[in-house]
Amino acid sequence: MMTKEMTKPLPISKWMVYNSYQKVIAQDGRAGIDKRSIEQFHEDLSGNLDSIWNRMTSDSYFPPPVSRKQSGKRSSGILAVSDHIAQGVIRDYLEPSFENIFHSSSFGYRPGRSAHSAIKQCRNNCIKYAWMVDVYIKGLFDNVNHDIMLQLLQQHTQEKWIMLFMHHSFDKWMDEVNTQNPFERYADNIIVHCSSKEEAELLLEKLKARMQEYELELHPKKTKIKYCKNYQWNDKCGNNSFTFWSDSFQQRIIKTIFHRKNRIALFNAAIGQQAKTSIKAKLRAVLMCYKLS
C-alpha cells in the first residue's frame, strides 16, 4: 500500500515542464513521436503545457495507453508528446540525486555512461579474467513487478517515479555477495567476469535464483558462459566470442613491442558486423541524397 506521504503534490515548476518540452522538440520527434503529433500539440501549446503541469503537481497524471511497434523481435512503445515531456520532468528532477547511488558499472540511460564506456571497461576486464557470463534478462521492461518496484522506491524517495529495479536486484547484490566479480551492465544486457569456468557456473546458478526473487528470468538461449581466450590461458571452450552492443569480442592478433615475436593473441573488441552493416546503409543513404542534389 502507498503511504500518505507518497501521494503528496509533486514539487515541480512550470519552468521544469517547459524545459522538458524544449528538449523533446530538439529531438524533432526521433524519440518515438511522429511529426504530426508534435504539430497537433503546438495548436494549443500553452494550454497543453499547463495541463501537464497541473496534472503532475496534483498527482493526477496518468499516461494514455501506449501504441506498440515491432522492431525485429522486440516491441517498443510510441509515446504521446505529453508523455515524453512528463518523463523528461521526472528524469531531470531525480537524475542528479539518483546518480549518487547507482553503480559505477551500470551503463545506459545515464549521463556520461554510454555504450562506448561499457565496451571499454569490458575490454579491459576480458584481458584480466579468463571467463565470463554473458547475461540477458528475458523481457525485463515488460516483466518488471510494479509492487516490488514501489517497495524499492520507498527506500529512496517519497516521489513515486523511478525504476530502481536492476540497481537492487543485480548491482547492489553483486557488490554485497560477489565482490570478486567485476561486471558491466547496459540495461538488460550484463557481462560478469570470472576467474574460472567453475566460478562462472556457480555464479550463473546464483544469478538465476536471484532473478527469481524479483520475478525475472534469464534468457535461456542468449545467456551463456564464454571463454576470453588469449595467449595467457590454455583452457578449451567452444564459446570464445560474444557481442556487447556494437562491438564483437574475440581472440585477435595484435602487434606489441613487449613480445619477442611482436605479435600476441589477445581477447579484444572491434566493431561488430551488424554495426558495420548499419553504418554502411546510412552512408549509402547520405551519398544517394548527395547525388540527387
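This text follows the structure it describes.
Residues numbered from 1 in each chain as written. Predicted model: local features only at pLDDT ≥ 70, side-chain atom pairs only at ≥ 80, totals over all residues. Heavy atoms only, no water.

**Quick notes on the packing of helix 1 (residues 14–26) against helix 4 (residues 81–98)**
Between helix 1 and helix 4, the shortest axis-to-axis distance is 8 Å and the interhelical angle comes to 115 degrees. Between helix 1 and helix 4, the angle falls in the class roughly perpendicular. The crossing of helix 1 and helix 4 is right-handed. Where helix 1 approaches helix 4, its residues Met16, Val17, Asn19, Ser20, Tyr21, Lys23 and Val24 are matched on the opposing element by His84, Ile85, Gly88, Val89, Asp92 and Tyr93. Of the residues that constitute the contact of helix 1 with helix 4, the class distribution is 7 nonpolar, 4 polar and 2 charged. (Axes fitted to C-alpha atoms, helices over the stretch in contact; angles between N-to-C directions. Helix = DSSP H or I, 4+ residues; strand = E, 2+ residues; numbered from the N terminus. Parallel < 35°, antiparallel > 145°, perpendicular 65-115°, else oblique. Left-handed = near helix turned anticlockwise from the far one by under 90°. Contact = heavy atoms within 4.5 Å. Nonpolar A, V, L, I, M, F, W, Y, C, P; charged D, E, K, R; others polar.)

**Some words on the sheet that holds strand 9 (residues 242–244)**
Pairing is antiparallel across the open sheet formed by 3 strands, whose spatial order is 9-10-11. Sheet topology places strand 9 and strand 11 (263–271) at the edges, where each strand pairs with a single neighbour. Within the sheet, the average angular offset between the axes of one strand and its neighbour, ignoring direction, is 50 degrees. Pairing of strand 9 with strand 10 (residues 247–255), which is carried by 3 bridges, proceeds in the antiparallel orientation. In the sheet register, phenylalanine 242 faces strand 10, and the bridge partner there is phenylalanine 249. (Pairing = 2+ DSSP bridges.)

**Overview of a nonpolar patch on the surface**
A surface patch of nonpolar side chains, about 260 Å² in accessible area, is lined by Ile271, Ile279 and Leu283. Structurally, isoleucine 271 can be placed in strand 11. A residue is classified by how much of its surface remains accessible, and isoleucine 271, at 38% relative accessible area, is partly exposed. (Patch = residues over 30% accessible without salt bridge, like charges linked within 9 Å, V, L, I, M, F, W, Y side chains within 5 Å. Areas by Shrake-Rupley, 256 points an atom, 1.4 Å probe, with all protein chains shown as cover. Salt bridge = Lys/Arg side-chain N within 4 Å of Asp/Glu carboxyl O. Buried < 20%, exposed > 50% of the residue type's maximum accessible area, 1.4 Å probe, protein only.)

**Some points on the pairing of strand 5 (residues 183–186)**
Here strand 5 shows a buried face lined by Phe183 and Arg185 and a second buried face lined by Glu184 and Tyr186. As judged from the 2 bridges shared by strand 3 (residues 106–107) and strand 5, these two strands associate in the parallel manner. The residue of strand 5 that forms the bridge with serine 106 is arginine 185. Strand direction decides the pairing type here: strand 5 and strand 6 (residues 189–194), joined by 4 bridges, are antiparallel. By the bridge assignment for strand 6, arginine 185 is matched with isoleucine 190. Between strand 5 and the antiparallel strand that follows it, strand 6, lie 2 residues; alanine 187 among them carries a positive phi value of about 60 degrees.

**Overview of the packing of aromatic side chains**
How two aromatic rings sit relative to each other is given by the distance of their centres and the angle of their planes. Taken as a whole, this structure holds 8 aromatic pairs when the rule is applied. Centre to centre, the rings of phenylalanine 242 and phenylalanine 249 are 4.7 Å apart; their planes meet at 5 degrees, and the pair counts as stacked. When its relative accessible area of 3% is taken as the criterion, phenylalanine 242 is described as buried. Seen from their ring centres, phenylalanine 242 and phenylalanine 267 are 6.0 Å apart, and the 25 degrees between their planes marks the pair as stacked. Taken as a pair, phenylalanine 242 in strand 9 and phenylalanine 267 in strand 11 lie far apart in primary sequence, 25 residues in all. (Phe/Tyr/Trp six-rings, centres within 6.5 Å; stacked < 30°, edge-to-face > 60°.)

**Observations regarding the pattern of salt bridges**
Where side chains of opposite charge bring their charged atoms close, a pairing between them can arise. A full pass over the atoms with the stated rule returns 6 salt bridges. The salt bridge involving lysine 14 is made with aspartate 50; its shortest N-O contact spans 3.6 Å. Here aspartate 50 lies in helix 3 (residues 45–57) and lysine 14 lies in helix 1, a separation of 36 residues in the sequence. Judged by relative accessible area, which is 47%, lysine 14 ranks as partly exposed. On the accessibility criterion, aspartate 50 (30% relative accessible area) is partly exposed. Ionic pairing is found between aspartate 92 and lysine 23, a salt bridge with its closest N-O pair at 3.1 Å. Placement of aspartate 92 in helix 4 and of lysine 23 in helix 1 is noted, with a sequence separation of 69 residues between them. By relative accessible area, which is 37% here, lysine 23 ends up partly exposed.

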